[in-house]
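So you can see what is in the structure, the chains are spelled out below.
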Amino acid sequence: MTDRRDELAERLDAVRERVTAACAAAGRTDLPTLVAVTKFFPASDVDLLADLGVTDVGENRDQEASEKMAAIAQREALTVHFVGQLQSNKASSVAAYADVVHSLDRAKLVGALDRGAERHDRTLDVLVQVALDDGEGRGGAAPGDLPALAEAVAAAGHLRLRGLMAVAPLGRPARPAFARLRELSGTLRAEHPDAGWISAGMSGDLEDAVAEGATHLRVGSAILGSRESHR
Ligand SMILES: *Cc1c(COP(=O)(O)O)cnc(C)c1O
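Here is a short report on the structure shown in this document.

Conventions and cut-offs
Residues numbered from 1 in each chain as written. Predicted model: local features only at pLDDT ≥ 70, side-chain atom pairs only at ≥ 80, totals over all residues. Heavy atoms only, no water. Buried < 20%, exposed > 50% of the residue type's maximum accessible area, 1.4 Å probe, protein only. Helix = DSSP H or I, 4+ residues; strand = E, 2+ residues; numbered from the N terminus. Core = buried A, V, L, I, M, F, W, Y, C linked by side-chain atoms within 4.5 Å. Contact = heavy atoms within 4.5 Å. Pairing = 2+ DSSP bridges. Right-handed = clockwise from strand over helix to strand, strands pointing away. Patch = residues over 30% accessible without salt bridge, like charges linked within 9 Å, V, L, I, M, F, W, Y side chains within 5 Å. Areas by Shrake-Rupley, 256 points an atom, 1.4 Å probe, with all protein chains shown as cover. Salt bridge = Lys/Arg side-chain N within 4 Å of Asp/Glu carboxyl O. Lys, Arg positive; Asp, Glu negative; His and termini not counted. Charge placed at Lys NZ, Arg CZ, Asp CG, Glu CD.

## Notes on helix α2 (residues 43-51)
Now for step 1: Most of α2 sits inside the fold, with 7 of its 9 residues counted as buried.
Now for step 2: Here α2 has its buried residues at A43, D45, V46, D47, L48, L49 and A50.
Now for step 3: At the C-terminal side of α2, G53 shows a positive phi close to 100 degrees.

## Structural notes on the nonpolar core
Now for step 1: Ranked by size, the top nonpolar core spans 70 residues in total, and within it L104, L113, L217 and I223 carry the most contacts.
Now for step 2: Setting aside anything within four residues of it in sequence, one finds L217 in contact with V19, P32, T33, L34, V35, A200, G201, L206, A209 and V210.

## Observations regarding unusual backbone geometry
Keep in mind that most residues, glycine aside, have a negative phi and that most peptide bonds are trans.
Now for step 1: Unlike most non-glycine residues, F40 shows phi in positive territory, near 75 degrees.
Now for step 2: Among the secondary structure elements, F40 is positioned in the loop between β1 (33-37) and α2.
Now for step 3: For F40, a relative accessible area of 18% translates into the label buried.
Now for step 4: One non-glycine residue with positive phi stands out, namely D121, at about 55 degrees.
Now for step 5: Secondary-structure assignment places D121 in the loop between α5 (107-119) and β5 (124-129).

## Digging into the pairing of strand β6 (residues 159-165)
Now for step 1: For β6, a buried count of 5 out of 7 residues is recorded, marking the element as mostly surrounded by other parts of the structure.
Now for step 2: Judged from the 3 bridges that link them, β6 and strand β7 (residues 197-199) form a sheet pairing that is parallel. Bridge pairing links M165 to S199 in β7.
Now for step 3: Handedness of the crossover joining β6 and β7 through helix α7 (residues 174-191) is recorded here as right-handed.

## Re a negative patch on the surface
Now for step 1: Taken together, the side chains of D3, D6, E10, D13 and E17 define an acidic patch exposed on the protein surface.
Now for step 2: In this structure, D3 sits in helix α1 (residues 2-26).
Now for step 3: Judged by relative accessible area, which is 61%, D3 ranks as exposed.

Read these as geometric descriptors, not functional statements.
Have a look at this one:
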């Protein structure tokens, strides 16, 4: 366990240095929120990360996340982000443990998530996931659908519209995609001034995301190690 703690501490430091360097390179004085994506890794890792000062963790599968979050000792100290594909029949379960949902990408999910949040007597922060890949399958709403989706989230009683999330397209440079996301964020903010969060950037492309104004980075393997051995 001590070894694992050292390993996580080392990787976390390296990621924090990358973020700091990317901010300096971009002339940013604000630090984006680092969300440690802990999918496939055990609750004990989440507790170790909390000990190391991590405040935000991300999960992408409901069943795994709901079991894990019930098992961590430091739940109170953490903001939990759901970043995976969302299904409407799982919305109520997700609403029980997630504080932020990054992956709302269709109208049907708005009502399901809102009812789930109401059932658990809470308000969820919500990002609308946008597709930057012309529908090649990494998820997200078409940019043209954003205004209506955003409006629906903003009108829901137990959801707070916070901004946009995207995954960079596969096999193409991330930077232009994140630049497009930043543009879409500007358009969204004109209508919804409190929705300025931009969730972008993973282990391989966090520098590009920082350069394009990301407020939230979702970093898994660079902090926790390869998921291959944990699948
Ligand atoms: C797994 C995952 C991440 C983290 O990916 P890494 O490449 O391991 O940093 C980020 N975002 C989403 C939506 C994910 O599912």
